[in-house]
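Coordinates in review
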Amino acid sequence: SSDARARPAATGPGAGVDLDSFCIAPLLPVGEGDAGQRGVVICAGGPYLGLAWITIRILRDFCQCRLPVEIWHLPGEVPAEAAAAFKHIDAVEFR
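Presented here is a report on the structure given in the accompanying data block.

Thresholds applied
Residues numbered from 1 in each chain as written. Predicted model: local features only at pLDDT ≥ 70, side-chain atom pairs only at ≥ 80, totals over all residues. Heavy atoms only, no water. Pairing = 2+ DSSP bridges. Helix = DSSP H or I, 4+ residues; strand = E, 2+ residues; numbered from the N terminus. Axes fitted to C-alpha atoms, helices over the stretch in contact; angles between N-to-C directions. Phe/Tyr/Trp six-rings, centres within 6.5 Å; stacked < 30°, edge-to-face > 60°.

1. Notes on the sheet that holds strand β1 (residues 40-43)
Overall, parallel pairing links the three strands, which are arranged β1-β2-β3 in an open sheet. On the outer flanks of this sheet lie β1 and β3 (92-94), each paired with one strand and no other. The average undirected angle you get between the axes of adjacent strands in this sheet is 20°. In terms of strand pairing, β1 meets strand β2 (residues 69-72) through four bridges, oriented parallel. Bridge pairing in β2 links Val40 to Val69.

Here it is as structure tokens:
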């Protein structure tokens, strides 16, 4: 696309996918009464935390999506150091 955002070169499966076609969240209108009603829920814990991290970085960096994100997990699946790393990303909460 002619978008001016810098993107790293993609390699591997799905490298030819146009991310812009999946990134519609910034284009959707959000009314003042919608606060707390829209967001992204990711089920991830243990070995899947890395995939949640990548998903959130794609949403934030490529799609410019600023919706809040909740990561749902089972007790004991999120080590303290992993939770601390996610705190550096705006609007991410563990449930």
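2. Focus on the packing of aromatic side chains
Summed over the entire model, instances satisfying the criterion amount to two aromatic pairs. When the centroid spacing of 5.2 Å and the interplanar angle of 80° are considered together, the rings of Trp53 and Phe86 count as edge-to-face. Of this pair, Trp53 sits in helix α1 (residues 49-62) while Phe86 sits in helix α2 (residues 80-86), placing them 33 residues apart in sequence. Ring geometry for Phe86 against Phe94: centres 5.3 Å apart, planes inclined by 85°, an arrangement best described as edge-to-face.

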